[in-house]
Amino acid sequence: MTSKTYYDPADLKKFGKISEWSEELGDKFFEYYGKVFEEGALSEREKSLIALAVAHTEMCPYCIDAYSKDGLERGITKEEMMEAVHVGAAIKSGATLVHGVMMMNKVNKLEM
Amino acid sequence: MLKEKKQQSLHKRNSELAIANKQLEKLSNGIFANGELPTFFEKIKETNQFPLRPNKLEILQINLGYMCNQVCEHCHVDAGPDRKEIMTRKTMLQCLEVIKNTGAHTLDLTGGAPEMNPNFRWFVEEASKAGIKDFIVRSNLTIIRANKKYYDLPQFFKKHNVHVVSSMPHWTRGKTDKQRGKGVFDLSIKALQELNAVGYGMPDSALRLDLVYNPSGAFLPGNQASMEKDFKKALLEDFGIQFHNLFAITNLPISRFLDYLIASENYEDYMYSLVEAYNPAAVKNVMCRNTISISWDGFLYDCDFNQMLELKVASKIQHVSEYNEAVLNDRNIIISQHCYGCTAGAGSSCQGVVA
């Protein structure tokens, strides 16, 4: 363990090794993961953009690395990618702000 | 001339990577020498596919020269206006003898911009008399609008029933111009509309118009069928353009694309992506197994990429002047790490995916 940071870009390539310590669960996860991203009611392209947006809201550097590249491979434009990230950002900030209603409720209840 | 960031070929810039041996050294050292990644030889040996041997010859690909009106950033030929290597009429006559007698069903003319060879039209007229089934010209599209003398190329192609295959990296201006040079997108759109106007690419037309998609960066092409659907929708909606098929071709790590990979510090990650995407099924149909590539000076190669790496066929017949198909077909195909580009994912060839 020589890395001075928690995240190492090289670790993304090792994701598959997760199965080594628990083969059954690892295999089930990757089978599920692969199935989720197959063309269905949503296209693979649409799923890639959803994944990119979620990658940002989860602030997962591995996922951002993977789905930025995946988007390019699918011919998704920079504008489409940035719009998807804004959707994620809007939901994330909206989720924060909507909790303001809780704050208002609490204050209203407590104040005379 | 079309403007681009790097307006000169690697040759003109005296870049080290203009030398084929330097490219081969780069592809054999580092991550392939220290055992981090398996060499292509080791990889195909795992699946008992070494040595690679030709199947029946189907495609004769002739490179009419490295001169081009564009200086695309990813070009594996290192083509450009400053390249003067073009096929002479003498070599063309030798090629015509081969075309008349070959068992191949497809003739594929490429470059540079093959149309810039002053003997191009004469050669096409003579070659078309041989009655070969599929006669391809790889046109960069902008050449059709580059100069008045090329304006009638769509009619010329139609007259000789040429199958036009053209590069188009994306349906948006930004991505296209970034890879192929400023202004390329608008000229390409105009050229495609002119090809459509004479009947090329229309749904029921026998005049074939196919597009080639190369990724504009250090990533692999996505699913060919999905990309084709997206290209068709966007080009039709935005410009009223129609075409038949889209070929998704992986950029091979040689020449200017290799230069780009190294300069952008993407080389190792790109090689990892290629090796990870290795598909043994693609090896079965890789294009060097059914193709012979002839260079502007008449030498013979397993493919256009080996031509650029100056890896002549491993046969006692190495020049078109002594061409013998039976002798040539009895050879081992020369491989190096660049071959991973043709075996990644669904595979890649001048005709698109292979697996």
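What you are looking at is a predicted structure, and each value in this text was computed from that prediction instead of being measured.

Another aspect to go through is the overall build of chain B. When helices and strands are counted, chain B shows 13 helices and 8 strands. When its C-alpha atoms are laid out on the principal axes, chain B stretches across 55 × 45 × 40 Å. Here chain B holds 355 residues, and the buried ones make up 52% of them. Counted over contacts in chain B with a minimum sequence separation of 6, partners at least 24 positions apart contribute 75%.

Moving on to the overall build of chain A. Each helix and strand in chain A was counted, giving 6 helices and 0 strands. Relative to its length of 112 residues, chain A is extended, with a C-alpha radius of gyration of 19 Å against a globular reference of 13 Å. Considering only C-alpha atoms, chain A reaches an extent of 60 × 35 × 30 Å along its principal axes. Across the 112 residues that make up chain A, the buried fraction comes to 14%. The contacts in chain A between residues at least 6 apart in sequence include a share of 60% that link residues at least 24 apart.

Another point: the pairing of strand β7 (residues 291-294) of chain B. Residues and elements named next belong to chain B. Where burial is concerned, the two faces of β7 agree: the one with Thr291 and Ser293 and the one with Ile292 and Ile294 are both buried. As paired strands, strand β1 (residues 59-63) and β7 are joined by 4 bridges and run parallel to one another. Looking at the pairing, isoleucine 59 lines up with threonine 291 of β7. With 2 bridges joining them, β7 and strand β8 (residues 300-301) adopt antiparallel strand pairing. Opposite serine 293, over in β8, you have tyrosine 301 as the bridge partner.

All names here are of chain B. Core analysis: the biggest nonpolar cluster contains 115 residues, and Leu60, Val164 and Tyr213 have the highest contact counts within it. Sorting elements by how many residues they give to this core places helix α7 (residues 184-197) first, with 7 residues. Filtering out sequence-adjacent residues up to four positions away, valine 164 remains in contact with Val137, Ser139, Phe157, Leu195, Tyr200, Arg208 and Leu209.

This paragraph deals with the sheet that holds β1 of chain B. Residue and element names in this part refer to chain B. Pairing in this open sheet of 8 strands is mixed, and the strands run β6-β5-β4-β3-β2-β1-β7-β8 from one edge to the other. One side of each edge strand has no neighbouring strand; the edge strands of this open sheet are β6 (246-248) and β8. With 3 bridges joining them, strand β5 (residues 209-213) and β6 adopt parallel strand pairing. What sits directly across from leucine 211, in β6, is leucine 246.

Moving on, we come to the interface of chain B and chain A. By a widespread convention, an interface's size corresponds to the accessible area lost as its parts come together. At the interface, 12 residues of chain B touch 9 residues of chain A. With 3 residues, helix α8 (residues 224-239) of chain B is the largest single contributor of residues to the side of chain B that touches chain A. The residue inventory of the side of chain B that touches chain A, partitioned by class, reads 6 nonpolar, 5 polar and 1 charged.

Looking at where aspartate 297 of chain B falls in the secondary structure, it is placed in the loop between β7 and β8. Linking aspartate 297 of chain B and valine 320 of chain B, residues 23 residues apart in sequence, is a C-alpha distance of 8.9 Å.

Residue and element names in this part refer to chain A. Between the first and last C-alpha of helix α4 (residues 61-73) there are 18 Å, a value that for 13 residues agrees with the 18 Å anticipated at 1.5 Å per step. Tyr67, Asp70, Gly71, Leu72 and Glu73 are the residues of α4 that are buried. Where α4 is buried, its residues touch α3 (44-57) and α5 (78-98). The first or second residue beyond α4 is glycine 75, which carries a positive phi of 80°.

Next up on the list: unusual backbone geometry. All names here are of chain B. The step from phenylalanine 50 to proline 51 runs through a cis peptide bond, and the omega angle for that step is -5°. Looking at the element boundaries, proline 51 is found in the loop between α2 (40-46) and β1. A cis amide bond links glycine 111 to the next residue, glycine 112, at an omega of 25°. With phi around 55°, asparagine 48 is a residue other than glycine that occupies positive phi space. In this structure, asparagine 48 sits in the loop between α2 and β1. Given 7 C-beta atoms within a 10 Å radius, asparagine 48 is considered exposed. The phi dihedral of glutamate 310 falls on the positive side, at around 55°, and the residue is not glycine.

Residue and element names in this part refer to chain B. Among the 5 residues of strand β4 (residues 163-167), 5 are classified as buried, and the element is accordingly described as predominantly covered. Of the two faces of β4, the one carrying His163, Val165 and Ser167 and the one carrying Val164 and Ser166 are both buried. Pairing between strand β3 (residues 134-139) and β4: 4 bridges, direction parallel. Note that in β4 the partner of isoleucine 136 across the bridge is histidine 163. Once the chain exits β3 it traverses helix α5 (residues 153-159) before rejoining the sheet at β4, and the crossover so formed is right-handed. Examined bridge by bridge, β4 and β5 share 4 bridges and lie parallel to one another. Pairing of serine 167 across the sheet is with valine 212, part of β5.

About the criteria used
- Counting of residues starts from 1 at the beginning of each chain's written sequence and follows it residue by residue.
- Key to labels: chains lettered from A, ligands numbered from 1, both in the order written.
- The predicted origin of the model limits local features to residues at a pLDDT of at least 70 and limits the giving and counting of side-chain atom pairs to 80 or more, whereas totals for whole chains, interfaces and linings rest on all residues.
- Numbering of helices and strands runs from the N terminus; a helix is a DSSP stretch of H or I covering at least four residues, while a strand is a stretch of E covering at least two.
- To sort residues by exposure, count the other C-beta atoms lying within 10 Å of each residue's C-beta; 20 or more gives buried, 12 or fewer gives exposed, and values between give partly exposed, all with C-beta atoms placed from the backbone.
- Any pair of residues counts as being in contact when their C-beta atoms, constructed from backbone geometry, are within 7 Å of one another.
- Here the globule rule reads 2.2 Å times residues to the power 0.38, and the radius of gyration is calculated from C-alpha atoms.
- We treat two strands as partners when DSSP finds at least two bridges between them.
- Buried Ala, Val, Leu, Ile, Met, Phe, Trp, Tyr and Cys residues form a nonpolar core when they are connected through C-beta atoms within 7 Å.
- Ten residue types, Ala, Val, Leu, Ile, Met, Phe, Trp, Tyr, Cys and Pro, are classed as nonpolar, four, Asp, Glu, Lys and Arg, as charged, and the remainder, Gly among them, as polar.
- One less than the number of residues in a helix, times 1.5 Å, gives the span that helix is expected to have.
- Looking down the strands as they point away from the viewer, one classifies a crossover as right-handed if the path from the first strand across the helix to the second runs clockwise.

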